[in-house]
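# Structure assessment
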Amino acid sequence: MEDCRRGMNTQGSSGDTCKLEFAVQMTCEKCVQAVKSSLQGVAGVQNVDVSLESEAVVIETSLSASEVQKLLESTGRRAVLKGMGSAGSQNLGAAVAMMAGEGLVQGVVRFLQVSESTCIIDGTVDGLSPGLHGIHIHEYGDLSMGCESCGGHYNPEGNTHGRPGEVDSHVGDLGNILACDDGRATFRFDAKRVKVWNIIGRSLVVDEGEDDLGHGTHPLSKVTGNSGKGLACGIIARSAGLFENAKQICSCDGITIWEERDCPIAGPERKKGHTSYSHL
Ligand code: ZN
């Protein structure tokens, strides 16, 4: 499955660039040079700004956050994503969903409104069976009964279920993400009908099976894409944009961002009661 490493979903890559702010452990000018050369000449990387003093790297890119993190960490240094912002001067809003669910399925998905007409959706979900999994924004941010209480696909226009971008589809229809053999799906794509300000407080759900995009023969095809039950879900919460997050230590559990890098990002292994999203 070669597509699973390309950081896309099945709709293809995101064309718009955004800025990613990483904290990277750097102690000297040599570190700065190593970080710069890890990004040099990489397709999809446009501008790189490295600050040794603040141990910060800001990159304008069309790559997914996980791809950039891999490049930075190829230098042997740890990198943590601190913020995501629009490449222009507009700050139209950002949100994050911490995905947790049955077993080991967990992940983080970020939403960044880069213009009135484009929301970049960037995420990593682990613990999936290899293959395609439907992913949708659901109407309610209610996890009282797990993914079951999230309601239907977010559908303010009263349409039938379909392919993302199709006129007659739910706004919440995001298509499928592709998990590799190791169970990880990484993706980044543009959603043209999703507006961050309309989805905060709703939920994001990753399903057991493939979304047939409304073109199947099953009776549920035109309702849900027949993608089976929700495996992991998360409430979509407002998050910090670029440079809005000055903290190096997460106040919620006192661990530093470097230690946090090695902790599970969500799910039962994460300390209970950890409800702050401020470090994202
Ligand atoms: Zn739908």
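Numbering of residues starts from 1 in every chain and runs along the sequence as written. In view of the model being predicted, local features appear only for residues whose pLDDT reaches at least 70, and side-chain atom pairs are presented and counted only at 80 or more, with totals across whole chains, interfaces and linings using the full set of residues. The side-chain quantities take in all heavy atoms of the structure and omit both hydrogens and water.

## Focus: the side chain of His 170
Considering the arrangement of structural elements, one finds His 170 in the loop between strand 9 (144–147) and strand 10 (173–179). What qualifies as a polar contact is a pair of N or O atoms within 3.5 Å, subject to a donor-acceptor requirement within protein and to the restriction that residues adjacent in sequence count only when both atoms come from side chains. Within the local environment of His 170, its side chain forms a polar contact with the backbone oxygen of Asn 159, the two atoms lying 3.3 Å apart. Engagement of the side chain of His 170 in a polar contact is seen with the backbone nitrogen of His 161, the distance being 3.3 Å. In this description, contact between two residues means that some pair of their heavy atoms is separated by no more than 4.5 Å. If we ignore the near neighbours within four places in the chain, the residues touching His 170 are His 153, Tyr 154, Asn 155, Asn 159, Thr 160, His 161, Gly 162, Arg 193 and Val 223. Secondary structure follows DSSP: runs of H or I at least 4 residues long count as helices, runs of E at least 2 residues long count as strands, and numbering of each begins at the N terminus.

## Regarding unusual backbone geometry
Here the phi dihedral of Glu 55 falls at roughly 50 degrees; this positive angle occurs in a residue that is not glycine. Summarising the element assignment, Glu 55 is placed in the loop between strand 2 (45–51) and strand 3 (56–61). Burial classes follow relative accessibility: with a 1.4 Å probe on protein chains only, a residue under 20% of its type's maximum area counts as buried, one over 50% as exposed, and anything between as partly exposed. Given a relative accessible area of 24%, Glu 55 falls into the partly exposed group. Its identity as a non-glycine residue notwithstanding, Leu 213 has a phi of 60 degrees, on the positive side.

## Re the coordination of the zinc ion
Coordination of the zinc ion by the protein comes from His 153 (ND1), His 161 (ND1), His 170 (ND1) and Asp 173 (OD), over a distance range of 1.9 to 2.0 Å. Metal coordination here is assigned from N, O and S atoms located within 2.8 Å of the ion, or within 3.2 Å for Na, K and Ca; omission of water means that sites may look incomplete. Donor angles set the geometry label: tetrahedral for four donors if every angle is between 85 and 135 degrees, square planar for four and octahedral for six if opposite donors exceed 155 degrees and the others are between 65 and 115, irregular for anything else. Considering all 4 donor atoms around the zinc ion, the spread of angles at the metal, 100 to 125 degrees, places the coordination shape in the tetrahedral class.

## Regarding the state of the cysteines
Here, the term disulfide refers to a pair of cysteine sulfur atoms separated by no more than 2.5 Å. Following the criterion strictly, the structure yields 1 disulfide and no others. What pairs with Cys 147 in a disulfide is Cys 233, and their sulfur atoms sit 2.3 Å apart. Sign of the S-S torsion, about -95 degrees for the bond between Cys 147 and Cys 233, identifies this disulfide as left-handed. With a gap of 86 residues between them, Cys 147 in strand 9 and Cys 233 in strand 13 (residues 230–238) connect regions that are remote in the sequence. In this structure Cys 150 is not part of a disulfide, and its nearest cysteine sulfur, from Cys 233, lies 4.6 Å away.

## Topic: the nonpolar core
Nonpolar side chains in soluble globular proteins tend to be buried together. Joining through side-chain atoms within 4.5 Å is the link that ties buried Ala, Val, Leu, Ile, Met, Phe, Trp, Tyr and Cys residues into a set, and such a set is a nonpolar core. Counting 29 residues, the largest nonpolar core has Phe 111, Ile 121, Leu 128, Ile 137, Leu 174 and Leu 204 as the members making the most contacts within it. Considering every element that reaches this core, the biggest residue donor is strand 11 (residues 185–191), with 4 residues. With 24 residues, the next largest nonpolar core counts Leu 39, Val 50, Val 57 and Met 84 among its residues.

## Topic: the pattern of salt bridges
Whenever Lys or Arg places a side-chain nitrogen within 4 Å of a carboxyl oxygen from Asp or Glu, that contact is recorded as a salt bridge. A complete count under the given rule lists 2 salt bridges for this structure. Between Asp 126 and Arg 184 there is a salt bridge; the shortest N-O distance is 2.7 Å. Here Arg 184 lies in the loop between strand 10 and strand 11 and Asp 126 lies in strand 7 (residues 118–126), a separation of 58 residues in the sequence.

## Examining the sheet that holds strand 3
Only when DSSP finds a minimum of two bridges between them are two strands counted as paired. Pairing in this open sheet of 4 strands is antiparallel, and the strands run 2-3-1-4 from one edge to the other. Two strands close off the open sheet at either side, each with one partner strand: strand 2 and strand 4 (79–86). Between one strand and the next, the sheet's axes are offset by a mean angle of 20 degrees, whatever the strand orientation. Note: strand 2 against strand 3, 6 bridges, orientation antiparallel. The partner of Val 50 across the bridge, within strand 3, is Val 57. Axis definition: a line fit to C-alpha positions, over the contact stretch in the case of helices; interaxial angles, taken between N-to-C directions, run 0 to 180 degrees. In the packing of helix 1 (residues 29–39) onto the sheet, the strands contacted are strand 1 (18–24), strand 2 and strand 3, and the crossing angle to strand 2 comes to about 170 degrees. Sitting on the sheet, helix 2 (residues 65–73) is in contact with strand 1, strand 3 and strand 4, with an inclination near 40 degrees to strand 1.

## Here's the deal with the sheet that holds strand 5 (residues 94–101)
In spatial order, the strands read 10-8-12-13-5-6-7-11; together these 8 strands make up an open sheet with antiparallel pairing. Here the strands that pair on one side only, and so sit at the sheet edges, are strand 10 and strand 11. On average, each strand axis in the sheet is inclined to that of its neighbour by 20 degrees, with strand direction left out of account. Across 7 bridges, the pairing between strand 5 and strand 6 (residues 106–115) is antiparallel. Note that in strand 6 the partner of Ala 97 across the bridge is Val 109.

## Description of helix 1
In an α-helix, one full turn covers 3.6 residues, which means residues spaced three or four apart are oriented alike. Within helix 1, burial applies to Cys 31, Val 32, Val 35, Ser 38 and Leu 39. One side of helix 1 holds all its buried residues, which, seen down the axis, span an arc of 130 degrees. Residues of helix 1 that are buried make contact with strand 1, strand 2, strand 3 and helix 2. At the exit of helix 1 stands Gly 41, carrying a positive phi of roughly 70 degrees. For this quantity, the arc is that covered by the directions from the helix axis to the C-beta atoms.

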